[in-house]
Amino acid sequence: PKNACVINGVFRDDLKMLSFEEKTNRKLKVLLGGSLSHNTGVDIFCETLELLSDKYSNYQHNIEFVVTGYGDDEYIKNIEDCLNKSCFSGLVEYNLTHEQYNERLLSSDIGLCLKLPDNKMGQTTFPSKVIEICSSGALLVSTKVSDVPSLFVHKKNALLLDKASASDLALSLIWSADNI
């Protein structure tokens, strides 16, 4: 059998993982990708940027953000505004090709799955984002959505947020910057 990975529902056999040396001595890169909406945690992400800027601005040289995906123009504009108002660097891109998304994914150290566990979609469907993040070798930081808590152990193979909140996400990112 051949090793394979499915990203965006497409068989990919051209994944090139970055080596440990390629990922060190640079900012911790955090990726939020996919569908960008309230239900997928955009509001939590923006609140986290504000909290990090207010209370943890000394980490601005250690963490950067990459946001890719699709969604309502209002949410995309809101994310751009939140990132621009924060003291953290980052990039917001949308309508990427599979190859471009694959590049962003593979160069990330952390992948976020912020789907809200208390909404209907979060209780019934397993987030494909989790599979993409894990297959890339990035650390998964996730809400306790769907079956994620039964498949992952906090601080062993993922960071699981106790609550889907900005404070829990901020603390997970700070822990990651200090420990990865």
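If you're wondering where the values come from, they're calculated on a predicted model, not measured in any experiment.

S.K.: Just checking my understanding: could you explain the nonpolar core for this structure?
M.R.: Inside soluble globular proteins, nonpolar side chains tend to come together where they are buried. Membership of the largest hydrophobic core comes to 32 residues, with the highest contact counts inside it found for Phe45, Phe65, Leu112 and Leu173. With six residues, the top contributor of residues to this core is helix α2 (residues 42-55). When sequence neighbours within four positions are dropped, the list of residues in contact with leucine 112 reads Val30, Leu31, Leu32, Phe45, Lys129, Ile133, Val141, Leu169 and Leu173. With ten residues, the next largest nonpolar core counts Cys113, Val130, Leu140 and Phe152 among its residues.

S.K.: Would you take a moment to explain the environment of leucine 28 for this structure?
M.R.: Looking at the secondary structure, you find leucine 28 in strand β3 (residues 28-32). Here leucine 28 falls in the buried class, since its relative accessible area comes to 8%. Sequence spacing of leucine 28 and phenylalanine 65 is 37 residues, and the spatial spacing of their C-alpha atoms is 8.4 Å. Sequence-distant contacts of leucine 28, defined by excluding residues within four places in its chain, comprise Asn62, Ile63, Glu64, Asp109, Ile110, Leu173, Ser176, Ala177 and Ile180.

S.K.: Mind showing me how you'd approach unusual backbone geometry here?
M.R.: Glycine aside, a negative phi is what most residues show, and trans is what most peptide bonds show. The phi torsion at serine 146 lies on the positive side, around 50°, for a residue other than glycine. On the secondary structure map, serine 146 appears in the loop between β8 (139-142) and α7 (148-151). Overall, serine 146 belongs to the partly exposed group, its relative accessible area being 24%. You will see that lysine 155, though not glycine, has its phi angle at about 65°, which is positive. Its location among the elements puts lysine 155 in the loop between α7 and β9 (159-160).

Thresholds, definitions, all that
Residues numbered from 1 in each chain as written. Predicted model: local features only at pLDDT ≥ 70, side-chain atom pairs only at ≥ 80, totals over all residues. Heavy atoms only, no water. Core = buried A, V, L, I, M, F, W, Y, C linked by side-chain atoms within 4.5 Å. Buried < 20%, exposed > 50% of the residue type's maximum accessible area, 1.4 Å probe, protein only. Helix = DSSP H or I, 4+ residues; strand = E, 2+ residues; numbered from the N terminus. Contact = heavy atoms within 4.5 Å.

Worth remembering: the numbers are spatial, not functional.
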